[in-house]
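Listed below, chain by chain, are the residues.
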There are 2 protein chains.
Amino acid sequence: MSDFLADTTDLLRRTPNVLRALLLGLPAGWVDTPDKEAGWTPKDVVGHLVTSELDNYLARAKHILEYGASTPFKPFDRFAMLERDREATIDQLVDRFADLRAKNIANLGELVSDGDLDRKGLHPAIGEVTLRELLATWAVHDLDHVSQIFAGMAGSHDADVGGWKAYLGILLRRDDPAAVAG
Amino acid sequence: MSDFLADTTDLLRRTPNVLRALLLGLPAGWVDTPDKEAGWTPKDVVGHLVTSELDNYLARAKHILEYGASTPFKPFDRFAMLERDREATIDQLVDRFADLRAKNIANLGELVSDGDLDRKGLHPAIGEVTLRELLATWAVHDLDHVSQIFAGMAGSHDADVGGWKAYLGILLRRDDPAAVAG
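Here the structure is a predicted model, which is why all the values come from computation and not from measurement.

Peer 1: So what's going on with the relation of the copies chain B and chain A? Residues and values would help.
Peer 2: With an axial shift of 0.0 Å and an RMSD of 0.0 Å, the rotation relating chain B to chain A amounts to 180 degrees. The two molecules are tied by a two-fold rotation axis, judged by turn and shift. Ranked by how close their C-alpha atoms come to the rotation axis, the residues of chain B are headed by Ala-178 of chain B, at 2.3 Å.

Here it is, written out as structure tokens:
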């Protein structure tokens, strides 16, 4: 039988190491391109993940434990990183994310046990949610945004692959989300 | 000025470490789902990356150096892993990929220098290509397929995120490639 809390924490613990392996010291030419037109560069994405550690998931877990569904979660700024991290390097942001994530996982382990997972909270837009759904979303949100980093990195070399582009869905989807690789 | 060969090799060297950080010892519940309906599980993807190391990019680089565009590249089996790796675990495949990649990068460094990058080859379907395009495609192919692993991993928890799914593009796109997150 799967252990939801342990398995979700396992994934959350991996993301900083994935970002380190992928990004630390990477030549600048790989990380100067957004995932799509008017999208986010890898640095923007890591900044958004920093925001999520500062203001989103752990804060909302605490909100559920304290207030249940009696008051909605506070909103947070999805674009906070654009100003806040203007002077930071992507390597600094990866390290910052790793520090915050380690603290938040430790905190989560102290605050939440299996018996809490069905406790309810109130999302300002989507309504009633559970703590289990919040934690699953935290993990899938990691996967979603790291995937966005891959799209930006691939896009940085769009002009270099020549005719092979027809086989590279990650490039085709930057131009047309419904594209299917040949 | 960017150094194409060094920067491309840098990316190729990272992928095994990204896969290790992401996958080694990961609970089975994260890796039992294909990236989309009738798609590939994370294990299938890693198996395809093993095939690429065995039969595709380095072999084609050698082909260009030896034959130029005088004869087309040999085809390879995009689905070879389905039979070949039936008994292997995903952790074994990650290790196998890492070994093959390390050898291929060493081999590439001995075989190819900057002056070779404009040498031409002949792809059986897309026609004339350059060694530079082949190497850029090798790297972007890594990004494309690791991204596919993320999609499968996210899909494994599709049912757990509740109403948050509306904000998670990586899940929405499994159902509808053109979907845009709310």
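So that's the structure; there's more coming.
Peer 1: Break down unusual backbone geometry for me, with residues and values.
Peer 2: In this model, Ala-38 of chain A sits at a positive phi of 60 degrees, which is unusual for a non-glycine residue. Turning to its location among the elements, Ala-38 of chain A is positioned in the loop between α1 (4-23) and α2 (42-67).

Peer 1: Before we move on, can you summarise the interface of chain B and chain A with the specific residues and values?
Peer 2: Where interface size is given, it is often the accessible area lost as the parts come together that is meant. Opposite the 53 residues of chain B that make contact, chain A presents 53 residues. Here chain B meets chain A over a buried area of about 4,300 Å², counting both sides, of which 71% is carbon and sulfur. Looking only at chain B, the three residues that lose the most surface to chain A are Arg-14, Leu-143 and Trp-164 of chain B, adding up to 17% of its buried area. At the surface where chain B touches chain A, the tally comes to two salt bridges. Of the charged contacts, one joins Asp-144 of chain B and Arg-173 of chain A as a salt bridge, the two residues approaching to 3.7 Å between their closest N and O atoms. Inspection of the chain B/chain A interface yields 13 residue pairs in polar contact (both at pLDDT 80 or more). If you list the elements that add at least two residues to the side of chain B that touches chain A, you get α1 (4-23), β2 (127-130), α5 (131-155) and α6 (169-175) of chain B. The element best represented in the side of chain B that touches chain A is α5 of chain B, accounting for 15 residues. Partitioned by chemical class, the residues of the side of chain B that touches chain A number 31 nonpolar, twelve polar and ten charged.

Definitions and cut-offs
Residues numbered from 1 in each chain as written. Chains lettered and ligands numbered in written order. Predicted model: local features only at pLDDT ≥ 70, side-chain atom pairs only at ≥ 80, totals over all residues. Heavy atoms only, no water. Least-squares fit on C-alpha atoms with pLDDT ≥ 70 in both. Helix = DSSP H or I, 4+ residues; strand = E, 2+ residues; numbered from the N terminus. Contact = heavy atoms within 4.5 Å. Buried area = accessible area lost by both parts, 1.4 Å probe. Salt bridge = Lys/Arg side-chain N within 4 Å of Asp/Glu carboxyl O. Polar contact = N/O pair within 3.5 Å; in protein donor to acceptor, adjacent residues only side chain to side chain. Nonpolar A, V, L, I, M, F, W, Y, C, P; charged D, E, K, R; others polar.

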